[in-house]
Amino acid sequence: MKRLLFAVAACAAALGAHAQSYPTAKPITIVVPFAAGGPTDRVARDLAEAMRKPLGGVSIVVDNAAGAGGSIGANKVAKANPDGYTLLLHHIGMATMPTLVRNLPFKVDSDFEYLGAVNDVPMTVIGRPSLPANNMKELLAWLNQNKGKVNLGNAGAGAASHLCGLLFQNALQQDMTTVPYKGTAPAMTDLIGGQIDLMCDQTTNTTSQIEAKKVKAFAVTTAKRLTTPALKDLPTMQEAGFAGFEVTIWHGLYAPKGTPADILTKLNAALKVALKDADFIKKQEGLGAVVVADKRMEPAEHKKFVAAEIAKWSPIIKAAGVYAD
Ligand code: ASP
């Protein structure tokens, strides 16, 4: 018994020492469940830079574990060693995957420690540059003339672009051929090249392409118009006649379940410093994104928010009748 107690005490001391020295053992990895160069990757890389200093200058690397609409990367973190060195940056997919993907290999509510929300990002409906339509009215007429022939790119079942495309097809009562990619970065390359016709994607990926006129932009998915210079003239989907069409993508940061509490506290404190960093805020604003404030930076609040988002999207997705295995 004495021996056992000694072993337990030694173990606790080792854990404590480890948590105290965190994060000096090795670089921290933020897993992004989509391709490099895309919108989620962009948020993760900016966040990694802003979190580095409050974590004592540790290196923070991004691992793009892309595929299956974001579920491969999320699963990798759900199964990772809970030592604070592997984190997940994911978007609204945390709330839509449980309904959109039938056999999800992890549980969103019980396989992760929630660290807090990061930002809210609008989406834009964009098209290939050679598309004959120049505004939403002309796009709707073109879609009507091309029923059965339209290709819509997305980042796989469960992704934000999948959700938005689904809502778009539902609102139009028109099926399109969806082309899944490992992220909207490769989808964007094909859209610019004219291999696909349309995409609905976050402004963190589309703003610079819209600015450079490499794609055509038709609408934003927020309830109000945006103020970002390159996007401010775009109508909302509601103005374009789609009553109730509103989708905003949010991002959150997570650790594997079982990560020690003091490490989680350090990570949340660093997240809060990053979210108040003027440079990070400015970069995000330039891309149409809004960094979260106050309560949404809190782990418990973010967990409640994700649960509310699951409750919000699940009936909409079920009504649309779309699932992926
Ligand atoms: N925009 C992608 C999505 O549809 C995510 C990404 O590629 O980063 O969810």
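Residues numbered from 1 in each chain as written. Predicted model: local features only at pLDDT ≥ 70, side-chain atom pairs only at ≥ 80, totals over all residues. Heavy atoms only, no water.

Points about the state of the cysteines
Under the criterion given, the structure shown has one disulfide. The disulfide partner of C164 is C200, and the S-S distance across this bridge is 1.9 Å. One disulfide, between C164 and C200, carries an S-S torsion of 50° and so falls in the right-handed class. One end of the pair, C164, is in helix α6 (residues 160-172); the other, C200, is in strand β7 (residues 198-202), and 36 residues separate them in sequence. (Disulfide = S-S within 2.5 Å. Helix = DSSP H or I, 4+ residues; strand = E, 2+ residues; numbered from the N terminus.)

Observations regarding the site of the ligand
With respect to spatial proximity, the complete set of residues near the ligand consists of F34, P39, T40, H91, A155, A159, A160, S161, G183, T184, D201 and Q202. For the ligand, an oxygen atom lies 2.5 Å from a polar atom in the side chain of H91. S161 places a side-chain nitrogen or oxygen 2.3 Å from an oxygen atom of the ligand. Secondary structure elements with two or more residues in the shell around the ligand: α2 (39-52), α6 and β7. In the shell around the ligand, the residues fall into five nonpolar, six polar and one charged. (Near = heavy atom within 4 Å. Polar contact = N/O pair within 3.5 Å; in protein donor to acceptor, adjacent residues only side chain to side chain. Nonpolar A, V, L, I, M, F, W, Y, C, P; charged D, E, K, R; others polar.)

A short note on helix α8 (residues 203-211)
With respect to burial, α8 is a largely interior element, seven of its nine residues being buried. Buried within α8 are the following residues: T203, T204, N205, T206, T207, Q209 and I210. Where α8 is buried, its residues touch α2, β4 (112-127), α7 (184-192), β7, β8 (216-220) and α10 (278-286). The first or second residue beyond α8 is K213, which carries a positive phi of 60°. (Buried < 20%, exposed > 50% of the residue type's maximum accessible area, 1.4 Å probe, protein only. Contact = heavy atoms within 4.5 Å.)

What to know about the pairing of strand β2 (residues 60-64)
Pairing of strand β1 (residues 28-32) with β2, which is carried by five bridges, proceeds in the parallel orientation. Residue V31 lies in a different strand from β2, and its bridge partner there is D63. Crossover handedness for the path β1 to α2 to β2: right-handed. (Pairing = 2+ DSSP bridges. Right-handed = clockwise from strand over helix to strand, strands pointing away.)

Observations regarding the pattern of salt bridges
When the charged atoms of two side chains lie near each other, side chains of opposite charge can form a pair. For the structure shown, the criterion picks out eleven salt bridges. Close ionic contact of K26 with D83 constitutes a salt bridge, the shortest N to O distance being 3.5 Å. Highlighted residues: K26 in the loop between α1 (2-21) and β1 and D83 in the loop between α3 (71-78) and β3 (86-90), separated in sequence by 57 residues. Of the charged contacts in the structure, one is a salt bridge between K76 and D63, with a shortest N-O distance of 2.6 Å. Residue K76 is found in helix α3, and its partner D63 is found in strand β2; the two are separated by 13 residues along the sequence. (Salt bridge = Lys/Arg side-chain N within 4 Å of Asp/Glu carboxyl O.)

Description of the nonpolar core
If you look at the biggest cluster of nonpolar residues, it comprises 50 residues, and the most contacted ones within it are M94, F112, L139, F168 and L198. No other element matches the six residues that α6 contributes to this core. Among all residues touching F168, those that are not within four sequence positions of it are V125, M136, L139, L143, M176, L198, M237, F242 and F245. Judged by nonpolar contacts, the second largest core, of 36 residues, contains L47, L89, A155 and A270. (Core = buried A, V, L, I, M, F, W, Y, C linked by side-chain atoms within 4.5 Å.)

As for the side chain of T259
Note that T259 resides in the loop between β9 (248-256) and α9 (261-275). From its side chain, T259 meets the backbone oxygen of P256 in a polar contact 2.6 Å long. Aside from chain neighbours lying at most four places away, what touches T259 is P82, D83, G84, E113 and L264.

Things to note about the pairing of β8
Within β8, five of the five residues are buried, which leaves the element mostly enclosed by the surrounding structure. For β4 and β8, the ladder comprises four bridges, and the chain directions are antiparallel. Paired with V125 across the bridge in β8 is A219.

Focus on α3
Extensive coverage of α3 is indicated by the burial of six of its eight residues. Of the residues making up α3, those classed as buried are S71, G73, A74, N75, V77 and A78. Buried residues along α3 sit against β1, β3, α4 (93-100), β4 and β9.

Focus on the packing of aromatic side chains
Counted under the stated rule, the structure contains seven aromatic pairs. Judged by centre distance (5.8 Å) and plane angle (85°), the rings of F106 and F112 are edge-to-face. Taken individually, F106 and F112 each receive the classification buried, so the pair is uniform in this respect. Note on F168 and F242: the rings are 6.1 Å apart at their centroids and 70° apart in plane angle, and the pair reads as edge-to-face. One end of the pair, F168, is in helix α6; the other, F242, is in the loop between β8 and β9, and 74 residues separate them in sequence. Of the two residues, F168 and F242, both sit in the buried class. Within the aromatic cluster, the residues linked to one another by ring pairs are F106, F112, Y114 and Y254. (Phe/Tyr/Trp six-rings, centres within 6.5 Å; stacked < 30°, edge-to-face > 60°.)

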